[in-house]
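Below are the chains, spelled out letter by letter.
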Amino acid sequence: MCLAMPAEVIAIDGETGKVNLGGVHKEISLALVEDVQVGDFVLVHVGYALNKVSPEEAKQTLAMFAEAGLGGAG
Amino acid sequence: MKYIDEFRSKELAHTLADAIAREADTGREYRLMEFCGGHTHAIFRYGVQELMPSNVKFIHGPGCPVCVLPIGRIDNAIELVQQHDVILCTYGDMMRVPASGRNSLLKVKAAGGDVRMVWSTQDALKVARDNPHRQVVFFAIGFETTTPPTAVAIEQAAEERLANFSVFCNHVLTPAAIRKILEPAETPEAEQVAIDGFLGPSHVSAIIGTRPYESLVEKYRKPVVIAGFEPLDVMQSARMLIRQLNQGRVEVENEYTRVVTREGNRKAQALVARVLELRRNFEWRGLGMVPSSALQIRSGWSEFDAEQCFPVPEITASDVRGCECPQILRGVKKPVDCKLFGAVCTPENPMGSCMVSSEGACAAYWSYGRFRDGSQETAA
Ligand code: SF4
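Structure report, in brief. (Residues numbered from 1 in each chain as written. Chains lettered and ligands numbered in written order. Predicted model: local features only at pLDDT ≥ 70, side-chain atom pairs only at ≥ 80, totals over all residues. Heavy atoms only, no water.)

1. A look at the overall build of chain A
Keep this limit in mind: In this description a helix means any DSSP run of H or I spanning at least four residues, a strand means any run of E spanning at least two, and both kinds are numbered starting from the N terminus. We compute the radius of gyration from the C-alpha atoms alone; for a globule the expected value is 2.2 Å times N to the 0.38, where N is the number of residues. Contacts between residues were defined by any pair of non-hydrogen atoms, one from each residue, lying within 4.5 Å. We count Lys and Arg on the positive side and Asp and Glu on the negative side, and we leave His and both chain ends out. Where a charge sits is defined by one atom per residue type, namely NZ (Lys), CZ (Arg), CG (Asp) or CD (Glu).
Regarding its fold elements, chain A presents 1 helix and 5 strands. Overall, chain A shows an N-to-C arrangement of helices and strands of β-β-β-β-β-α. By the compact-globule yardstick of 11 Å for 74 residues, chain A is too spread out, its C-alpha radius of gyration being 15 Å. Structurally, chain A occupies a C-alpha span of about 45 × 25 × 20 Å along its principal axes. A sequence separation of at least 24 residues applies to 33% of the contacts in chain A between residues at least 6 apart. Taken together, the 4 basic and 10 acidic charged side chains of chain A have centroids lying 7 Å from each other.

This is how it looks when you write it as structure tokens:
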């Protein structure tokens with residue numbers, strides 16, 4: 001019920017967007033987010049984009065996981 | 001899939017597990033409550049508990065919107081269909097939740113009631129447009145994640161002058177529930193659970209940000225880490241909590257920085273604030289009456305409020321005898337402590353709400369871990 005999935009926006013028409021959810025194309029509402037562009041990833045929940053996913057932050061989080069192996073402060 | 005697969009890497013899971021084993025102090029226990037059923041689900045599905053040292057324990061919290069909705073509100077929804085002849089639109093998870101007298105929306109539908117499953121509030125609006133001569137009620141449930149879509153639908157209905165659409169609002173608030181769990185004066189001593197820190201739900205914070213937890217953390221001195229829902233996110237968040245506890249820090253930290261900021265989604269917050277307001281009191285299954293823990297539709301929008309359009313009486317109903325959902329939702333008991341678990345109560349034939357949604361603790365135990373607790377006991 002609370003599950004939300006990151007998905008890529010592949011088309012935008014006003015407040016409606018089309019996303020690719022694991023190969024399935026779905027129409028969602030973009031009413032809750034600002035400045036979304038085709039190619040952005042958004043968090044999709046009950047047919048709405050809740051927020052954008054930041055590629056830089058995702059990269060940093062993954063780097064932090066990897067650093068855990070070095071016994072560092074990561 | 002991008003942003004999913006990388007956060008499920010087995011190799012990194014072991015890296016993190018090793019790091020946690022190094023950092024966790026063997027001289028103490030770490031009791032971490034994952035508030036949200038989404039985390040419970042991930043912990044079971046990916047065997048995260050097994051990757052933790054034995055002194056790091058996950059306590060399952062009440063963050064499953066289907067599970068915490070009191071039976072009386074489902075009875076209300078059924079009355080709307082059967083006595084007021086409305087078309088009731090609802091998210092799929094609600095269909096099988098047991099109501100009073102072994103009833104459910106699914107059974108009501110099978111008996112000819114017009115109950116329709118929708119994926120989105122947009123679908124509910126469409127049902128209203130397509131059926132101008134029928135009253136259409138959207139049965140709105142959920143935490144801060146599902147609230148903005150409800151607010152969008154109400155605003156849209158007003159714009160379109162959809163006179164046959166209304167919302168039965170049951171939206172609840174996460175921080176209020178955490179406060180209730182931490183408030184010792186509110187819980188009898190025997191029912192209090194020792195908790196050292198919280199994994200906070202990330203999708204909720206995608207909307208509300210991390211800020212609403214700051215005053216809670218300050219007052220109750222328990223750390224909160226906003227944790228993503230993938231297994232590596234859960235592990236890293238547990239590690240961040242362990243570090244805070246080791247260092248004697250008590251802070252709100254954010255592991256899910258790829259979506260969550262301190263401020264959250266301001267556009268969504270503003271929308272919710274325009275349409276909805278705090279409800280003075282709301283009953284939660286498991287937690288009882290919790291003040292300022294839910295939302296209702298503002299009086300300016302009352303023509304879209306099903307509670308104003310139809311008689312919605314307060315119904316006090318009790319759970320199936322033997323069902324331990326209330327205790328499980330507070331973290332006091334585990335699903336395997338329930339005598340009905342697995343014997344009488346299964347996902348196909350749920351007796352209580354915790355067995356219905358995949359985020360319910362009983363459903364998670366049944367689907368992924370029903371033998372785990374037992375096998376650990378035999379091993380000990
Ligand atoms: S196993 Fe079924 S009856 Fe027992 S607590 Fe869980 S939902 Fe309730």
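2. Some words on the environment of Q37 of chain A
Residue and element names in this part refer to chain A. Assignment of secondary structure puts Q37 in the loop between β3 (24–29) and β4 (41–45). Sequence separation between Q37 and Q60 is 23 residues, and the spatial gap between their C-alpha atoms is 22 Å. The contacts of Q37, once residues within four sequence positions are left out, are V9 and I12.

3. Here we look at the pairing of strand β11 (residues 288–297) of chain B
Residues and elements named next belong to chain B. The following threshold applies: Here, any two strands with at least 2 DSSP bridges between them count as paired.
Of the pairings in the sheet, the one linking strand β10 (residues 276–284) to β11 comprises 8 bridges and is antiparallel in character. The partner of R279 across the bridge, within β11, is A294. The antiparallel hairpin formed by β10 and β11 contains 3 residues in its connecting segment, where G286 sits at a positive phi of about 95 degrees.

4. So, the pattern of salt bridges
Residues and elements named next belong to chain B. Quick note on the threshold: Every case where a carboxyl oxygen of Asp or Glu lies within 4 Å of a side-chain nitrogen of Lys or Arg is listed as a salt bridge. Accessibility here uses a 1.4 Å probe with only protein chains present; expressed as a share of the type maximum, an area under 20% marks a residue as buried, one over 50% as exposed, and anything in between as partly exposed.
Inspection of the entire model under this criterion finds 25 salt bridges over all chains. Here R28 ties to D196 by a salt bridge, and the two come within 3.5 Å at their closest N and O atoms. Taken together, the residues R28 in the loop between α1 (10–23) and β1 (30–36) and D196 in the loop between α9 (174–182) and β7 (197–201) connect sequence positions 168 residues apart. A residue is classified by how much of its surface remains accessible, and R28, at 26% relative accessible area, is partly exposed.

5. Brief notes about the sheet that holds strand β2 (residues 56–63) of chain B
Residue and element names in this part refer to chain B. The cut-off we apply is this: Comment: axis = line fitted to C-alpha atoms, over the contacting stretch for helices; angle = value between 0 and 180 degrees taken between N-to-C directions.
Read from one edge to the other, the open sheet built from 5 strands follows the order β2-β1-β7-β8-β9, with strand pairing classed as parallel. Sheet topology places β2 and β9 (252–254) at the edges, where each strand pairs with a single neighbour. Here the average twist between neighbouring strands, direction ignored, is 25 degrees. Together, β1, β2, β7, β8 (224–227) and β9 form the strand contacts of helix α12 (residues 231–247), whose direction differs from that of β8 by roughly 165 degrees.

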